[in-house]
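Residue-level structure breakdown
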Amino acid sequence: QALDLQPFYPGALVRWNAGFHRVADPFRVPIDALLTLLPTHPIGSIVDKVLVGVLRLLSLVVPLEELYQRPDISIEQKLRETGFSDDMIDRF
């Protein structure tokens, strides 16, 4: 109790062009995730944002045992294989 621990926000603040931009977990904070679809939000294209949702959904439905049996690859390689843009990979 003395530490007054609080839950983490289910997302991230990404620094880009001298500003911070919120990227949210689309299932846990859907309103914030929807705000990232605005054309003024610079982190990722619409396709990138849809891919975030798809990967998040897969994380819920693919059994953990299956994930552990997949070959180890880097995060960058997985993002590229999934189809994320260079801007999304570089900015996030």
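Each helix and strand counted, the protein has 5 helices and 2 strands in total. Scanning the protein from its N terminus toward the C terminus, one meets helices and strands in the order β-β-α-α-α-α-α. Across its three principal axes, the protein shows a C-alpha extent of roughly 40 × 35 × 20 Å. Looking at the protein as a whole, 22% of its 92 residues are labelled buried. When the accessible surface of the protein is summed, it comes to about 7200 Å², and 62% of that surface belongs to carbon and sulfur atoms. Charge-centre separation for the protein: the mean point of 9 positive side chains lies 5 Å from the mean point of 12 negative side chains.

Below, the discussion takes up the pattern of salt bridges. Two side chains with opposite charge may pair up if their charged atoms get near one another. Scanning the model with the defined rule gives 5 salt bridges in all. Salt-bridge contacts for R80 lead to E76; the nearest nitrogen and oxygen are separated by 3.0 Å. Pair noted here: R80 and E76 are both in helix α4 (residues 75-82), with a separation of 4 residues, about one helical turn. With a shortest N-O distance of 2.4 Å, D86 and R80 are connected by a salt bridge. The class for R80 is partly exposed, based on a relative accessible area of 37%. Within the structure, one salt-bridge network assembled from shared partners comprises E76, R80 and D86.

Further remarks concern helix α2 (residues 46-61). With 16 residues, α2 extends 23 Å from end C-alpha to end C-alpha; this agrees with the ideal 22 Å at 1.5 Å per step. In the core, the buried residues of α2 are packed alongside α4 and α5 (86-91).

The subject of this paragraph is unusual backbone geometry. Of note, the phi angle at D4 is positive, near 50°, even though the residue is not glycine. Within the secondary structure layout, D4 lies in the segment before β1 (11-16). The class of D4 is exposed, set by a relative accessible area of 55%.

All right, on to the packing of aromatic side chains then. The tally for this structure, following the rule as stated, stands at 0 aromatic pairs. When the ring centre of Y9 is taken as reference, the NZ or CZ atom of R22 above it lies at 4.5 Å.

This part covers the confidence of the model for the protein. Across the protein, pLDDT averages 91, with 99% of residues at or above 70. The weakest mean pLDDT in the protein belongs to helix α1 (residues 30-35) at 90; the strongest belongs to α4 at 94.

Rules used in this analysis
- Residues numbered from 1 in each chain as written.
- Predicted model: local features only at pLDDT ≥ 70, side-chain atom pairs only at ≥ 80, totals over all residues.
- Heavy atoms only, no water.
- Helix = DSSP H or I, 4+ residues; strand = E, 2+ residues; numbered from the N terminus.
- Buried < 20%, exposed > 50% of the residue type's maximum accessible area, 1.4 Å probe, protein only.
- Areas by Shrake-Rupley, 256 points an atom, 1.4 Å probe, with all protein chains shown as cover.
- Lys, Arg positive; Asp, Glu negative; His and termini not counted.
- Charge placed at Lys NZ, Arg CZ, Asp CG, Glu CD.
- Salt bridge = Lys/Arg side-chain N within 4 Å of Asp/Glu carboxyl O.
- Expected span 1.5 Å × (residues − 1).
- Contact = heavy atoms within 4.5 Å.
- Phe/Tyr/Trp six-rings, centres within 6.5 Å; stacked < 30°, edge-to-face > 60°.
- Lys NZ or Arg CZ within 6 Å of the ring centre and 35° of its normal.
- pLDDT = per-residue confidence, 0-100.

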